[in-house]
Amino acid sequence: MGGGTGLRQGTGLTAEVRAPLRALVALALLIGAACGSAEPELLDGAALERSIPVALLPTAPQLVEQVSCPVMAAATLATVSCSVTIAGYPMSVAVTGPDPFGGVRVASPATVVWASDVAEQAVARLDADLGVSNRMACRPEARIARAGQVFDCTVFGPHGRAHRLVATLLDTTGLFRLDAPSG
């Protein structure tokens, strides 16, 4: 009645091989379905936004007034553009991450000009021009190096007399013009 060896007709050998194979295929389908349906893990956006001021201006993070970043996936290296306001000037910074340790890199195209540097350069010039020793203080603490940005400065002469001056940035290098305001 039938020919052949009968090995393909339900012997113990074929049943033992098929059961683990079916279990393995079922497990693979289950894992694939679970991985495909899950939402990607996201970086903590609030923590990222809190870390940007320190990354941009480690010595004066309080000058970063506002930060807004899009959502970043925690497992995918990507670069996003975040909006920041530094010393009243809105701009974009590039945030790349996360790195293998969960950190991000923040890069800004802008240069920060510090009030203390403006005051130091201005008072050195005034001292040389006037032949007397002066002191100067400028506000705000910093500006983004862009033409038209202004520092309000007060110079104190050798006898303590105060004069108001305005330092206006001329370019992106921090070069400035010093003027006495009218009025």
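Structure's up top.
Cut-offs and rules
Residues numbered from 1 in each chain as written. Predicted model: local features only at pLDDT ≥ 70, side-chain atom pairs only at ≥ 80, totals over all residues. Heavy atoms only, no water. Core = buried A, V, L, I, M, F, W, Y, C linked by side-chain atoms within 4.5 Å. Buried < 20%, exposed > 50% of the residue type's maximum accessible area, 1.4 Å probe, protein only. Helix = DSSP H or I, 4+ residues; strand = E, 2+ residues; numbered from the N terminus. Disulfide = S-S within 2.5 Å. Pairing = 2+ DSSP bridges. Axes fitted to C-alpha atoms, helices over the stretch in contact; angles between N-to-C directions. Salt bridge = Lys/Arg side-chain N within 4 Å of Asp/Glu carboxyl O. Contact = heavy atoms within 4.5 Å.

Draft legend 1. Structural context of the nonpolar core. Of all hydrophobic cores here, the largest spans 22 residues; its most connected members are Ile52, Leu56, Val84, Ile86, Val93 and Val95. Of all the secondary structure elements, the ones that give two or more residues to this core are α2 (45-56), β1 (64-68), β2 (78-86), β3 (89-97) and β7 (142-144). It is β2 that provides the largest number of residues to this core, a total of four residues. Among the nonpolar cores identified, the runner-up in size contains 17 residues, and Ala115, Val155, Leu165 and Ala167 belong to it.

Draft legend 2. Representation of the state of the cysteines within the structure. Tallying each qualifying case throughout the model produces two disulfides. The disulfide partner of cysteine 69 is cysteine 82, and the gap between their sulfur atoms is 2.0 Å. As the torsion about the S-S bond is roughly 120°, the cysteine 69-cysteine 82 disulfide counts as right-handed. Taken together, the residues span a long stretch of sequence, with cysteine 69 in the loop between β1 and β2 and cysteine 82 in strand β2 at a distance of 13 residues. We classify cysteine 69 as buried; its relative accessible area is 16%. The exposure class assigned to cysteine 82 is buried, which follows from its relative accessible area of 0%. Disulfide pairing is shown between cysteine 138 and cysteine 153; the S-S distance is 2.1 Å. As the torsion about the S-S bond is roughly 110°, the cysteine 138-cysteine 153 disulfide counts as right-handed. Placement of cysteine 138 in strand β6 (residues 135-139) and of cysteine 153 in strand β8 (residues 150-156) is noted, with a sequence separation of 15 residues between them. With respect to burial, cysteine 138 and cysteine 153 carry one shared label: buried. Take the cysteines of the chain that form disulfides and number them in order along the sequence; they join up as 1-2, 3-4.

Draft legend 3. Molecular detail of the sheet that holds β8. Pairing in this open sheet of four strands is antiparallel, and the strands run β6-β8-β9-β10 from one edge to the other. Whereas interior strands pair on both sides, the edge strands pair on one side only; in this sheet they are β6 and β10 (176-179). Across the sheet, the mean angle separating the axes of adjacent strands is 25° when strand polarity is ignored. Note that β6 and β8 share five bridges and pair antiparallel. If you follow methionine 136 over to β8, its bridge partner there is valine 155.

Draft legend 4. Broad picture of the pattern of salt bridges. Enumeration according to the criterion identifies three salt bridges in this entry. Ionic pairing is found between aspartate 129 and arginine 125, a salt bridge with its closest N-O pair at 3.1 Å. Taken together, the residues aspartate 129 and arginine 125, both in helix α3 (residues 115-130) and four residues apart, mark about one turn of the helix. Classification of aspartate 129 as exposed rests on a relative accessible area of 51%. Here arginine 164 ties to aspartate 152 by a salt bridge, and the two come within 2.9 Å at their closest N and O atoms.

Draft legend 5. Quick look at the sheet that holds β1. Spatial strand order, β1-β2-β3-β4: four strands in an open sheet with antiparallel pairing. Strands at the two margins of the open sheet, each flanked by one partner only, are β1 and β4 (105-107). The sheet shows a mean angle of 30° between the axes of neighbouring strands, direction not considered. Two elements, β1 and β2, share four bridges in a ladder whose sense is antiparallel. Bridge assignment links valine 67 to a residue of β2, and that residue is valine 84. Across the sheet, α2 lies against β1, β2, β3 and β4, angled at about 135° from β1, the strand it touches most.

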